[in-house]
Amino acid sequence: MSFQVTVQPSERVYAVEADETLLAAAIREGIGLPYGCKDGACGSCKCRLLEGQVQLGPHQPKALSEEERAQGLILTCCARPQSDVVLEARTVPGAGQFPVLKLPSRVISITRPTADVAVLRLQLPANQNFQFHAGQYVEFILRDGSRRSYSMANAPSHLGTPAAIELHIRHMPGGKFTDHVFGAMKEKDILRMEGPFGSFFLREDSARPIVLLASGTGFAPIKAMLEHIQAKGLRRPIHLYWGCRSKADLYLDDWAHQTAATMGAQLRYIPVLSEPKPEDGWTGRTGFVHQAVMADLPDLSGHEIYACGAPAMVNAAQADFVARCGLPEDAFYADAFTSEADKQNPV
Ligand SMILES: Cc1cc2nc3c(=O)[nH]c(=O)nc-3n(C[C@H](O)[C@H](O)[C@H](O)COP(=O)(O)OP(=O)(O)OC[C@H]3O[C@@H](n4cnc5c(N)ncnc54)[C@H](O)[C@@H]3O)c2cc1C
Ligand code: FES
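These numbers were taken from a predicted model, which means no experiment stands behind them. (Residues numbered from 1 in each chain as written. Chains lettered and ligands numbered in written order. Predicted model: local features only at pLDDT ≥ 70, side-chain atom pairs only at ≥ 80, totals over all residues. Heavy atoms only, no water.)

**Quick word on the overall build of the protein chain**
No. 1: Counting its secondary structure elements, the protein chain contains 7 helices and 19 strands.
No. 2: Across the 347 residues of the protein chain, 53% fall into the buried class.
No. 3: On the protein chain, roughly 15,700 Å² of surface is accessible, and the fraction owed to carbon and sulfur atoms is 49%.
No. 4: Between the mean site of the 34 positive side-chain charges and the mean site of the 38 negative ones, the protein chain shows a separation of 5 Å. (Helix = DSSP H or I, 4+ residues; strand = E, 2+ residues; numbered from the N terminus. Buried < 20%, exposed > 50% of the residue type's maximum accessible area, 1.4 Å probe, protein only. Areas by Shrake-Rupley, 256 points an atom, 1.4 Å probe, with all protein chains shown as cover. Lys, Arg positive; Asp, Glu negative; His and termini not counted. Charge placed at Lys NZ, Arg CZ, Asp CG, Glu CD.)

Have a look at this one:
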């Protein structure tokens, strides 16, 4: 049995099966609904149900509170239809542009720029045309069917020969996939993956100055966006803030400084450490990275923010930028790196 979904104001219409989520069908049909984790943890897919009934599956209260639910908001990644429905949601131009493919990839190299970060290069199959927007992610399909998401760290213009994607993976001790990456994974291993996914990529119909905000390996999609901006010759002013604990965690600090030198006045790079070590001899910015943005740019009303990394950083940045710096709610784009640990105690 299937139902009809109408998305306002774009007037896009698509069919959804009774046993699938509104988001899964929208991705399949290339509708371009916004989303991040696909699993009820980040809140990126939140939108208003204008008409009809849905059954809302388990989700995190921080992704959708009881109050928001009572106001008619839903998460499309957790909502299954019980009738035809009408949604109010901003569609993302270009989101459904590239087909979602399941493909094998081969590990070309694994490097460790710092103790708990691995940089993986994965060769793409020559017979499949894998296309994506800088900022999107792929999912690895593990043996037991579970999935883990990682953002491409190179832009489509920077795949090289043979074509390979770069990923930055932080070790989460006890984690199913990253324990494997930091333990048994070796060159030439084959990984099954699916993608591209996500609506975290540059909105090119805007001329607003950009703030790129990363914590830890949240730098991966931000690096891809910077490569894309350079490749396309886009001229919007950019502030790049990268927050890490100590100096060693800024695993591509040299790359960021070099890129800032190449881009001249267009790009300002500001690394921020929350717990610099005495041996770091750090004389740069300290504290929480999103607070450094607020100190430098107290009026964000004309900016556009792209934030990526730890869920706590992304949530704090969104709340504080909107409440205290005048950022319009619809000028904040983010991918929060939610993990299994963030998905405990759903409602
Ligand atoms: C859109 C998106 C993009 C992402 N991109 C990146 C990226 O580019 N780079 C990156 O490093 N990460 C990224 N992530 C995070 C990534 O997908 C994984 O969640 C992360 O790497 C952990 O995977 P894992 O299998 O090693 O750990 P998991 O098995 O998911 O476990 C994570 C942690 O939680 C603990 N844990 C597991 N189960 C439970 C439980 N039941 N209760 C309490 N604790 C538990 C584990 O011990 C571990 O420490 C992204 C996430 C999303 C949603
Ligand atoms: S995409 Fe729905 S909560 Fe993350």
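**Considering the sheet that holds strand S9 (residues 117–123)**
No. 1: Spatially, 6 strands are ordered S11-S10-S13-S8-S9-S12 in an open sheet, and the strand pairing comes out antiparallel. Here the strands that pair on one side only, and so sit at the sheet edges, are strand S11 (147–151) and strand S12 (164–170). Between one strand axis and the next, the sheet turns through 40 degrees on average, direction left out of account.
No. 2: Relative to strand S13 (residues 190–197), strand S10 (residues 137–141) runs antiparallel, the two sharing 3 bridges. Directly across from tyrosine 137, in S13, lies its bridge partner phenylalanine 197. (Pairing = 2+ DSSP bridges. Axes fitted to C-alpha atoms, helices over the stretch in contact; angles between N-to-C directions.)

**Looking at the nonpolar core**
Within soluble globular proteins, side chains that are nonpolar generally end up buried alongside one another.
No. 1: Counting 31 residues, the largest nonpolar core has Val5, Tyr14, Leu22, Leu33, Ile74 and Leu87 as the members making the most contacts within it.
No. 2: Residue assignment for this core shows that the elements contributing at least two residues are strand S1 (2–8), strand S2 (12–17), helix H1 (22–28), strand S3 (46–51), strand S4 (54–56), strand S5 (73–75) and strand S7 (85–88).
No. 3: The element contributing the most residues to this core is H1, with 5 residues.
No. 4: Residues within four places of leucine 22 in sequence aside, it is in contact with Val5, Tyr14, Val16, Val54, Ile74, Thr76, Ala79, Pro81, Val85 and Leu87.
No. 5: Leu212, Leu240, Ala256 and Tyr306 belong to the second largest nonpolar core, which has 27 residues in total. (Core = buried A, V, L, I, M, F, W, Y, C linked by side-chain atoms within 4.5 Å. Contact = heavy atoms within 4.5 Å.)

**Quick look at the side chain of aspartate 335**
No. 1: Among the secondary structure elements, aspartate 335 is positioned in strand S19 (residues 332–336).
No. 2: Among buried Asp, Glu, Lys and Arg side chains, aspartate 335 stands out as unpaired, with arginine 203 the closest opposite charge at 9.1 Å.
No. 3: Ignoring sequence-local partners within four residues, the contact set of aspartate 335 consists of Tyr35, Gly36, Gly135, Tyr137, Phe200, Ala307, Cys308, Gly309 and Val314. (Salt bridge = Lys/Arg side-chain N within 4 Å of Asp/Glu carboxyl O.)

**A few points about the sheet that holds strand S15 (residues 238–244)**
No. 1: The strand order across the open sheet built from 6 strands is S17-S16-S15-S14-S18-S19, with neighbouring strands paired in parallel fashion. Edge strands, defined here as strands with exactly one partner in the open sheet, are strand S17 (285–286) and S19.
No. 2: Bridge count between strand S14 (residues 210–215) and S15: 6 bridges; the pairing is parallel. Following the sheet pairing, valine 211 is matched in S15 by histidine 239.
No. 3: Strands in contact with helix H5 (residues 253–263) are S15 and strand S16 (267–273); relative to S16, the strand with the most contacts, it is inclined by about 155 degrees.
No. 4: Sitting on the sheet, helix H6 (residues 289–296) touches S14, S15, S16 and S17, and the angle it makes with S15 is about 145 degrees.

**Regarding the domain arrangement of the protein chain**
Many analyses report the size of an interface as the accessible area lost when the parts associate.
No. 1: By domain assignment, the protein chain separates into domain 1 (2–88), domain 2 (101–197) and domain 3 (210–342).
No. 2: Taking only C-alpha atoms into account, the centre of domain 1 sits 29 Å from that of domain 2. (Domains from an automatic or database assignment.)

**Focus on helix H7 (residues 311–325)**
No. 1: When the terminal C-alpha atoms of H7 are compared, their 20 Å separation across 15 residues agrees well with the 21 Å that a helix rising 1.5 Å per residue should span.
No. 2: Three or more residues of H7 are buried, namely Pro311, Met313, Val314, Ala317, Asp320, Phe321 and Cys325.
No. 3: Buried residues along H7 sit in contact with S14, H6, strand S18 (304–309) and S19.
No. 4: Positive backbone phi, approximately 70 degrees, marks glycine 326, located one or two places after H7. (Expected span 1.5 Å × (residues − 1).)

**Concerning H6**
No. 1: Regarding H6, the residues found buried are Val289, His290, Ala292, Val293 and Met294.
No. 2: Among the structural elements, S14, S15, S16, S17 and H7 are those in contact with the buried residues of H6.

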